[in-house]
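# Summary of the model geometry
Read off the chains here:
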Amino acid sequence: MAPNARLALAVAAWLIAATAVVLPLVWLINTRDWGVALMLLVPFAVYGLLRLGRALEGWARTIPPSGER
């Protein structure tokens, strides 16, 4: 797989994961009375998304073995 393709795949995977985490969290905070308590989870969600982004970047930027090219 080409390095640019791996990078594009990693970005797409992160965008899907971020959307899947952030949209329900924001919707619950906005529409439920108890949603305000979910704001305590937001820093952990952001931290998890940052870690996922770094892991995906590491995967995308690794040099594949010579037999895979």
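Being a predicted model, the structure only gives us computed values, none of them experimental.

## A look at the overall build of the chain
- The secondary structure content of the chain amounts to two helices and zero strands.
- Against the 2.2 N^0.38 benchmark of 11 Å for 69 residues, the chain shows a C-alpha radius of gyration of 16 Å, more extended than a compact globule.
- Here the chain holds 69 residues, and 14% of them are scored as buried.
- Here the analysis covers contacts within the chain between residues at least 6 apart in sequence; of these, 66% occur between residues at least 24 apart.
- When the accessible surface of the chain is summed, it comes to about 5,400 Å², and 71% of that surface belongs to carbon and sulfur atoms.

## Comments concerning a nonpolar patch on the surface
- On the surface, L7, V11, W14, L15 and L52 cluster together to form a nonpolar patch covering roughly 380 Å² of accessible area.
- When residues in the nonpolar patch are grouped by element, the largest group, four residues, is from helix 1 (residues 3–31).
- By the element assignment, W14 lies in helix 1.
- Taking the relative accessible area as the measure of exposure, W14 reaches 30% and is therefore partly exposed.

## Focus on helix 2 (residues 42–61)
- Over its 20 residues, helix 2 extends 28 Å from the first C-alpha to the last, a length consistent with the 28 Å expected when each residue adds 1.5 Å.
- When we look at burial in helix 2, the residues that qualify are L49, L56 and A60. Buried residues of helix 2 fall within an arc of 35° about the axis and therefore sit on the same side. Of the exposed residues in helix 2, those oriented more than 90 degrees away from the buried face are P43, F44, L50, R54 and R61.

## Quick word on the packing of aromatic side chains
- With the rule as written, the count across this model stands at zero aromatic pairs.
- Above the face of the W59 ring, R6 is positioned so that its terminal group lies 4.4 Å from the ring centre.

## As for the side chain of R6
- Looking at the secondary structure, you find R6 in helix 1.
- The buried category is assigned to R6, whose relative accessible area is 10%.
- Separated by 3.4 Å, the side chains of R6 and T62 make a polar contact.

Criteria and cut-off values
Residues numbered from 1 in each chain as written. Predicted model: local features only at pLDDT ≥ 70, side-chain atom pairs only at ≥ 80, totals over all residues. Heavy atoms only, no water. Helix = DSSP H or I, 4+ residues; strand = E, 2+ residues; numbered from the N terminus. Rg over C-alpha atoms; globule rule 2.2 N^0.38 Å. Buried < 20%, exposed > 50% of the residue type's maximum accessible area, 1.4 Å probe, protein only. Contact = heavy atoms within 4.5 Å. Areas by Shrake-Rupley, 256 points an atom, 1.4 Å probe, with all protein chains shown as cover. Patch = residues over 30% accessible without salt bridge, like charges linked within 9 Å, V, L, I, M, F, W, Y side chains within 5 Å. Salt bridge = Lys/Arg side-chain N within 4 Å of Asp/Glu carboxyl O. Expected span 1.5 Å × (residues − 1). Arc of directions from axis to C-beta. Phe/Tyr/Trp six-rings, centres within 6.5 Å; stacked < 30°, edge-to-face > 60°. Lys NZ or Arg CZ within 6 Å of the ring centre and 35° of its normal. Polar contact = N/O pair within 3.5 Å; in protein donor to acceptor, adjacent residues only side chain to side chain.

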